[in-house]
Amino acid sequence: QTQLVEAGGGSVQAGASLRLSCVASGGTFSSYVMGWFRQAPGKEREFVATISKIGLSTDYAASVKGRFTISRVNAKNTVYLQMNSLKFEDTAVYYCAGRTGAAISQNDGAYNYWGQGTQVTVSS
């Protein structure tokens, strides 16, 4: 059973940076497309970023493009989300997700595995 564990969340001021990490265990990490999603209070979960199995393809939500960078190190079973120029509206619980399908995807229903989430709070 594949497990995903996120880390790196916290409380920061607007304009600051954070790097989230997600470590996978129990499966073959390099066979998973990985993604980051987030859910703010009272809102639905939304797509943030996704990366292909060997990291050649990425995709981002329009709201984070140019500020966030997704990357992965398969040798460490880890996917990262570097978040720069954080805004108040980035406040949310951030979830790491993995999918066994071939293509990157913005659709949370396409992902098979989910982490427990890590809180990111940005104060203005």
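Up top is the structure.
Structure report, in brief.

The rules behind each value
- Residues numbered from 1 in each chain as written.
- Predicted model: local features only at pLDDT ≥ 70, side-chain atom pairs only at ≥ 80, totals over all residues.
- Heavy atoms only, no water.
- Helix = DSSP H or I, 4+ residues; strand = E, 2+ residues; numbered from the N terminus.
- Rg over C-alpha atoms; globule rule 2.2 N^0.38 Å.
- Buried < 20%, exposed > 50% of the residue type's maximum accessible area, 1.4 Å probe, protein only.
- Contact = heavy atoms within 4.5 Å.
- Areas by Shrake-Rupley, 256 points an atom, 1.4 Å probe, with all protein chains shown as cover.
- Lys, Arg positive; Asp, Glu negative; His and termini not counted.
- Charge placed at Lys NZ, Arg CZ, Asp CG, Glu CD.
- Core = buried A, V, L, I, M, F, W, Y, C linked by side-chain atoms within 4.5 Å.
- Pairing = 2+ DSSP bridges.
- Salt bridge = Lys/Arg side-chain N within 4 Å of Asp/Glu carboxyl O.

1. So, the overall build of the protein chain
Move 1: Of the regular secondary structure elements, the protein chain holds zero helices and 11 strands.
Move 2: When the helices and strands of the protein chain are placed in sequence order, the string is β-β-β-β-β-β-β-β-β-β-β.
Move 3: For 124 residues, the compact-globule estimate of 2.2 N^0.38 gives 14 Å, and the C-alpha radius of gyration of the protein chain, at 13 Å, lies within 12% of that figure.
Move 4: Seen through its C-alpha atoms, the protein chain measures out along the principal axes to roughly 40 × 25 × 25 Å.
Move 5: Taking all 124 residues of the protein chain together, the buried fraction comes to 44%.
Move 6: Relative to all contacts within the protein chain whose residues are 6 or more apart in sequence, the contacts with residues 24 or more apart total 59%.
Move 7: Carbon and sulfur atoms make up 47% of the accessible area of the protein chain, which totals about 6,000 Å².
Move 8: For the protein chain, the separation between the mean place of its 11 positive charges and that of its 7 negative charges on side chains is 8 Å.

2. Some points on the nonpolar core
Move 1: In terms of nonpolar packing, the biggest core is built from 34 residues, with Met34, Trp36, Val79, Leu81, Met83 and Tyr94 touching the most fellow members.
Move 2: Broken down by secondary-structure element, the contributors of at least two residues to this core are β3 (18–25), β4 (33–39), β5 (46–51), β7 (68–73), β8 (78–83), β9 (92–99) and β11 (118–123).

3. Observations regarding the pairing of β9
Move 1: For β9, the tally of buried residues reaches seven of eight residues, placing the bulk of the element in the interior.
Move 2: For β4 and β9, the ladder comprises seven bridges, and the chain directions are antiparallel. In the sheet register, Trp36 faces β9, and the bridge partner there is Cys96.
Move 3: Relative to β11, β9 runs antiparallel, the two being bridged by three bridges. Each bridged residue has a counterpart across the sheet, and for Tyr94 the counterpart in β11 is Thr118.
Move 4: Bridge count for β9 against strand β10 (residues 113–114) is two bridges, and the pairing is antiparallel. Bridging across to β10, Gly98 finds its partner in Tyr113.

4. Details of the pattern of salt bridges
Move 1: Throughout the structure, instances matching the rule amount to four salt bridges.
Move 2: Of the charged contacts, one joins Glu46 and Arg38 as a salt bridge, the two residues approaching to 2.6 Å between their closest N and O atoms.
Move 3: Overall, Glu46 belongs to the partly exposed group, its relative accessible area being 36%.
Move 4: Asp90 serves as the salt-bridge partner of Arg67, at 2.7 Å between the closest nitrogen and oxygen. With Arg67 in the loop between β6 (58–60) and β7 and Asp90 in the loop between β8 and β9, the pair connects residues that are 23 residues apart, well separated along the chain.
Move 5: Its relative accessible area of 0% is what places Asp90 among the buried residues.

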